[in-house]
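# Tertiary structure, described
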Amino acid sequence: MFDNLIARAIVPVTIAVTGFVIFGCLLLYSFIKADLTASAFLTANNCADTVVKSTKSAMLEDNQQAIQNIVENIGTRADVKLIKIYGQDGKTRYSGRNDFESLSTTAEAHIASFLDSELGQTEVQRHEIDHDNGNLIISLPIFNEPQCSTADCHFHADEEEILGFFSIGISSHHLDETLTLLRNRMIIFSVMVLFLTVGGVTALLRMNLFLPILRLTYNAEQASQGVAEADLPKSDHKLGKLNRDFRLIVKQRDQALLALKALETPNRNVDNGSDQA
Amino acid sequence: MDPIKHETEDPLPDINPLREQVKTKIKKLELLSSTGLWILALFTMLSMGAFRNFDFLPPLSDSLRAALGTGPPVKYINGALVVYGFSAIILILTQMASDKKPRGALGHFGYLGAFYLFYHFSAGLAENFWAIFAVGLTILGLHSYHVWNYYHERIQEQTEILHELDKLMD
């Protein structure tokens, strides 16, 4: 019965705390992962924009070799996995690096979606992350600017809003490492919180409830075997009135027994006297 | 007429129907005590479907999807899930503390299913699957424990009555 009492007190607390801590950690991890990924995309977007700006003067001069050199030089970076510039028709014009076939396929899907989409939607950059291979890719349109449409050597009409597309795939190794580190730390922290919460609740319950009840149970067992109130082990005062009332009952029983004995003794003497007579 | 003789000749009422009633009640309570586990099993099956992103179901037609509109942003669903999870756990713990008859397991199953669907339509199921699964297991596990505990106590009461009746029979 007592084991059940302990189980009934601790099991719900354990389930509720464990479940909610795990749930909270999973959701928190999901939030942080989304925030870090968004931050990584923002950085990648800024990098992509920087590359597009750096090729601008070469594009204005229609210096194809310079553009190819810039793209190739950027492609020598270890964390760059793909770099490509596409024309208005979506065909590859310049390619610096293409390490992963899957990245190339994703980039082409992005370009196809740019070409298929409405004019307003082309302004939105496309991005994707592949956690399995540790890559993220970002594609954005290259817009026509007054300098392009009024250039002497390389003429684009005013109404051509998009002059081409740019795709860059970079390694998400650092992001994945950070996420793994965060996950491991969260697991360790959760386990510590769980042990402290469940252990703390168990210790408090044991100290303030289970042990006093255990002592009272032991006293009740002793009293039922005839031990007098004065001989019962001293109890603490954690159970308050219950403990006092129990000892009072045992004391009353002891007094009643004494009174009964006192009544029985004269009767016995009377009986003995009558027998002798 | 001898009153003592008259008393001993009086036949005892037949308590067999009462015993049968108690036995039937115990069986019914035993069945009820496992309902929490059934709901938990149902939720696990639903979660297996959600893990596969409900790919075994036919895709929604464009017209129906247009009628439903776009799903709510994932961050709103996350917020709702936190509020729901916290409230549901508090509610079940309160039910347990006041020794009330356990209710609402199907409701919780419905809510959790709705969360899976909302995440599915908002394209956030893959990221948040384990969060819903963990909170679902916690809520339904706690509820299941409450159901088992509650009916177990009722079974014990009925078993004691049955023992008393058996003593009377003897």
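Owing to the predicted nature of the structure, the values given are computational and were not obtained by experimental measurement.

What follows deals with a positive patch on the surface. A surface patch of like charges, here positive, comprises B:Lys25, B:Lys28, B:Lys101 and B:Arg103. The residue B:Arg103 is located in the loop between α5 (74-97) and α6 (105-121) in this model.

It is common to report an interface's size as the accessible area lost on association of the parts. The interface is formed by 15 residues belonging to chain A together with 22 residues belonging to chain B. The junction of chain A with chain B conceals about 1,500 Å² of combined surface from both sides, 73% of it contributed by carbon and sulfur atoms. Three residues stand out in chain A for area buried against chain B, namely A:Arg8, A:Phe20 and A:Phe23, and they jointly supply 36% of the buried area on that side. The tally of links between chain A and chain B comes to 1 salt bridge. A salt bridge links B:Glu127 to A:Lys33, with the nearest nitrogen and oxygen atoms 3.9 Å apart. The tally of links from chain A across to chain B stands at 1 residue pair in polar contact (both at pLDDT 80 or more). Classifying every residue of the side of chain A that touches chain B gives 11 nonpolar, 2 polar and 2 charged.

Further remarks concern the environment of A:Glu108. All names here are of chain A. Inspection of the secondary structure assignment puts Glu108 in helix α4 (residues 101-116). Using a relative accessible area of 43% as the deciding quantity, one classes Glu108 as partly exposed. Every residue in contact with Glu108, bar those within four places of it in the chain, is listed here: Lys84 and Tyr86.

Next up on the list: the confidence of the model for chain B. On average, residues of chain B carry a pLDDT of 87, and 93% of them reach 70 or more. This model gives residues 1-6 of chain B a pLDDT under 50, and the stretch forms 1 contact once residues within four places in sequence are excluded.

Once that is clear, we can look at α6(B). All names here are of chain B. When the terminal C-alpha atoms of α6 are compared, their 24 Å separation across 17 residues agrees well with the 24 Å that a helix rising 1.5 Å per residue should span. For α6, the complete set of buried residues consists of Ala105, His108, Phe109, Leu112, Gly113, Phe115, Tyr116 and Tyr119. Around the axis of α6, the buried residues are gathered within 150° of arc, so they sit on the same side. Along α6, the residues that are exposed and aim more than 90 degrees away from the buried face are Leu106 and Tyr111. At the exit of α6 stands Ala123, carrying a positive phi of roughly 60°.

Let's shift gears to the UniProt feature "transmembrane region" (unreviewed entry) in chain B. All names here are of chain B. The UniProt feature table records "transmembrane region" (unreviewed entry) at residues 31-54, 74-93, 105-123 and 129-148. Across residues 74-93, helical content stands at 100% and strand content at 0%; the span's end C-alpha atoms are separated by 28 Å. In residues 129-148, the share of helix is 100% and the share of strand is 0%. The end C-alpha atoms are 28 Å apart.

With that settled, consider a nonpolar patch on the surface. Residues and elements named next belong to chain B. On the surface, Leu64, Leu68, Leu117 and Phe121 cluster together into a nonpolar patch covering about 350 Å² of accessible area. Of all the secondary-structure elements, those providing two or more residues to the nonpolar patch are α4 (62-68) and α6. Counting through the fold element by element, Leu64 comes out in helix α4. When its relative accessible area of 41% is taken as the criterion, Leu64 is described as partly exposed.

Reading guide: rules and limits
Residues numbered from 1 in each chain as written. Chains lettered and ligands numbered in written order. Predicted model: local features only at pLDDT ≥ 70, side-chain atom pairs only at ≥ 80, totals over all residues. Heavy atoms only, no water. Patch = residues over 30% accessible without salt bridge, like charges linked within 9 Å, V, L, I, M, F, W, Y side chains within 5 Å. Areas by Shrake-Rupley, 256 points an atom, 1.4 Å probe, with all protein chains shown as cover. Salt bridge = Lys/Arg side-chain N within 4 Å of Asp/Glu carboxyl O. Lys, Arg positive; Asp, Glu negative; His and termini not counted. Charge placed at Lys NZ, Arg CZ, Asp CG, Glu CD. Helix = DSSP H or I, 4+ residues; strand = E, 2+ residues; numbered from the N terminus. Contact = heavy atoms within 4.5 Å. Buried area = accessible area lost by both parts, 1.4 Å probe. Polar contact = N/O pair within 3.5 Å; in protein donor to acceptor, adjacent residues only side chain to side chain. Nonpolar A, V, L, I, M, F, W, Y, C, P; charged D, E, K, R; others polar. Buried < 20%, exposed > 50% of the residue type's maximum accessible area, 1.4 Å probe, protein only. pLDDT = per-residue confidence, 0-100. Expected span 1.5 Å × (residues − 1). Arc of directions from axis to C-beta. UniProt positions renumbered as here; feature names shortened; annotations may be inferred.

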